[in-house]
Amino acid sequence: MSLCQYSIVFSLLFVGVFGHRDNELFLPLKTLQKIHHNHNVPSCSSQKSRSENGAIILEMKHKDYCFRSRSDLNKRLEKILLADDIRVRSIQSHIKNIISKEVEALSNTTTQIPINSGVTMQTLNYIVTVTLGGRNMTVIVDTGSDLTWVQCQPCRLCYNQPEPLFNPSISPSFQTVACNSSACQSLESATGNSGLCGTDSQTCGYLVNYGDGSYTKGELGQDHLVLGRTSVDNFVFGCGRNNRGLFGLASGLMGLGRSDLSLISQTSGVFGGVFSYCLPSTEAESSGSLIFGSDPSVFKNSTPISYTKLVPNPQLFSFYFLNLTGMTIGGVAVQDSSFGKSGFLIDSGTVITRLPPSIYKAVKAEFLKQFSGYPSAPGYSILDTCFDLSTYEEVNIPTIKVHFEGSAEMEVDVAGVFYFVKSDASQVCLALASLQYEGEIGIIGNFQQKNTRVIYDTKQSQVGFAKETCSFM
C-alpha cells in the first residue's frame, strides 16, 4: 500500500468539452491544454454540504488540486504511478497472507484467525469536510479503510495540516473508549491490529500500519459527528497522536469500509447502510458529491442505475468485490476465458485499473486495432501503451465498457481512457495496466470511475452504476 496523493492530468470534465458518439469518444486535445495551464489553486478547507429528501450530500474535491501547486505537476507523475504500483503489490501480498493463514488455520483445526479489513492497502485521493466535536475537519475519503481518524492534540508526531488539530480537551462531548468496550474489541477486524491496552483500562489505543511505512497511532474516542445537517452521537474514531506518511495536508481519514467501526456501519440506523459518490476531476474548479442515504431522486444520473451483487468473501469481508463478466472496446466484446472466474475489487483509492495479464492483453489488442494510425510513444512507469498526439487538434477514441454480473455495466468516461504524461500530448498512455500474475485480484481504479455515480448498498449487498456529470450544484 502506498498512501499517496494522485494527480489525474487532463482528466477534466466540463460540460461541452468532450463529445460522444456511439462506440466512440471525442477528445479535444488543444482545449484540454488550455485548461491545464490554468494555475489557480483554491483552498478546499471548508466545503459545502446540504440535505435533500432525507439524504446528506457532501461536496467532494480531489485533494491534489486543493493542497498542491500545479507548477510541479509533471514532475510528480512518475512518482505517483510508482506509488500506485507499490500499493497494488501490497494489496496482492496482503490478500495472499490472509488466505494462506486461513487455510493453515483450517487445516490445523485451530481457532480461526481474525480477518483483516484491508485498511492497510488503500491510497487516498478525495476529500470532504465534516464537523467533529464542533470543529470542521477535512478528511480523505476511503472505501477500503474502516477506522475514521483525525490528528489530535497533544500530538507527539504529526504531519503538517492547515486546519487546527482536533483538541479533545475542549470538546464537551468527547469521551474516551474503554478497553473492555465492543469498539475496542472490533479494532482487530477493522485495522489488523488489536486494541493497545496498558495499565489504563479506560483508554483503548490503536495502531494502523500502512504498506509504505505510513502509520497512525493514538487512542479511540467518541464524539459528536455532523454530516451536513445530520448529527451522529457517540461516533467512534481514532484520535491520532503519532502520525506519519503520505496523507497530504488533510486532517485525517474517513473509513467507508464494511466492518463495525466504519462510518457506514456506525450510521446504518440513519442512512440504511447506503452511500454513493460521483468522483470529480482533479481540476480546481471541479467538485463531486458524496451522498449518504438511499433515495435515488437526489442523484443527477443521465442513465438508469444498473446494479450488480457484491461477491461474498468471508476472508476479506470489508472489501467490495464484484464479478466482472466482460469488457467491450468500441462496441466489440473482448474475448477471454478469465472473465467471470474471480472477483474484482472496486476501490476509490487505487488510481489505475489493474487487469489480469490475459484480459489486459486482449483489451490492449482490441484497443490498438481500433485506435490505429497514431504514432507511438515510449511506455511510462506501469503504462505500456502510449501515443504521441502532439500534432493533433482532436482525436476520436473507442469507448470502454466494463460489464458485471446481472447485466450491470460501467462506461468509462472519456477522461478515464488516457493518462496524459506530458502536457503537450506528446506522451499519452492508455490508462489501464496489467497485473503481474493471473491469480492476482483485479482492481477497478478511480481513474475509470470519474463522472459515474457509484452506489454502495451494504444492506442489499449490491453496487450500482450510472453515468453522471459530477457536480455539487
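To be clear, the structure that these remarks concern was listed above.
How each quantity is defined
Residues numbered from 1 in each chain as written. Predicted model: local features only at pLDDT ≥ 70, side-chain atom pairs only at ≥ 80, totals over all residues. Heavy atoms only, no water. Phe/Tyr/Trp six-rings, centres within 6.5 Å; stacked < 30°, edge-to-face > 60°. Buried < 20%, exposed > 50% of the residue type's maximum accessible area, 1.4 Å probe, protein only. Helix = DSSP H or I, 4+ residues; strand = E, 2+ residues; numbered from the N terminus. Lys NZ or Arg CZ within 6 Å of the ring centre and 35° of its normal. Disulfide = S-S within 2.5 Å. Pairing = 2+ DSSP bridges.

A. Up close: the packing of aromatic side chains. Applying the stated rule across the entire model yields 20 aromatic pairs. Between the aromatic rings of Phe367 and Phe371, the centroid separation amounts to 5.6 Å while the plane-to-plane angle is 35°, which identifies the pairing as tilted. Accessibility expressed as a relative area gives 0% for Phe367, which makes it buried. Judged by relative accessible area, Phe371 falls into the buried class, the value being 2%. Geometrically, the ring pair formed by Phe371 and Phe387 is edge-to-face, given 4.9 Å between the ring centres and 80° between the ring planes. Highlighted residues: Phe371 in the loop between α8 (357-370) and β20 (376-377) and Phe387 in strand β21 (residues 386-387), separated in sequence by 16 residues. Overall, Phe387 belongs to the buried group, its relative accessible area being 4%. The positively charged end of Lys450 is found above the aromatic ring belonging to Phe447, 3.9 Å away from the centroid.

B. Local environment of the environment of Val298. Position of Val298 relative to the elements: it lies in the loop between β14 (288-292) and β15 (306-309). A C-alpha to C-alpha distance of 9.5 Å links Val298 and Ile56, two positions 242 residues apart in sequence.

C. Quick look at the state of the cysteines. Applying the stated criterion to the full structure yields 6 disulfides. Paired through a disulfide, Cys184 and Cys204 show a sulfur-sulfur distance of 2.1 Å. Judged by the torsion about the S-S bond (80°), the Cys184/Cys204 disulfide is right-handed. One end of the pair, Cys184, is in helix α4 (residues 182-185); the other, Cys204, is in the loop between α5 (187-191) and β9 (205-209), and 20 residues separate them in sequence. Given the relative accessible area of 4%, Cys184 is considered buried.

D. View of the sheet that holds strand β26 (residues 428-430). The 4 strands are arranged β20-β21-β26-β25 in an open sheet whose pairing can be described as antiparallel. Unpaired on one side and paired on the other, β20 and β25 (418-420) mark the two borders of the sheet. Summarising the sheet, β25 and β26 pair through 3 bridges and their orientation is antiparallel. Counterpart to Tyr419 in the pairing with β26 is Cys429.

Coordinates in, geometry out; function isn't part of it.
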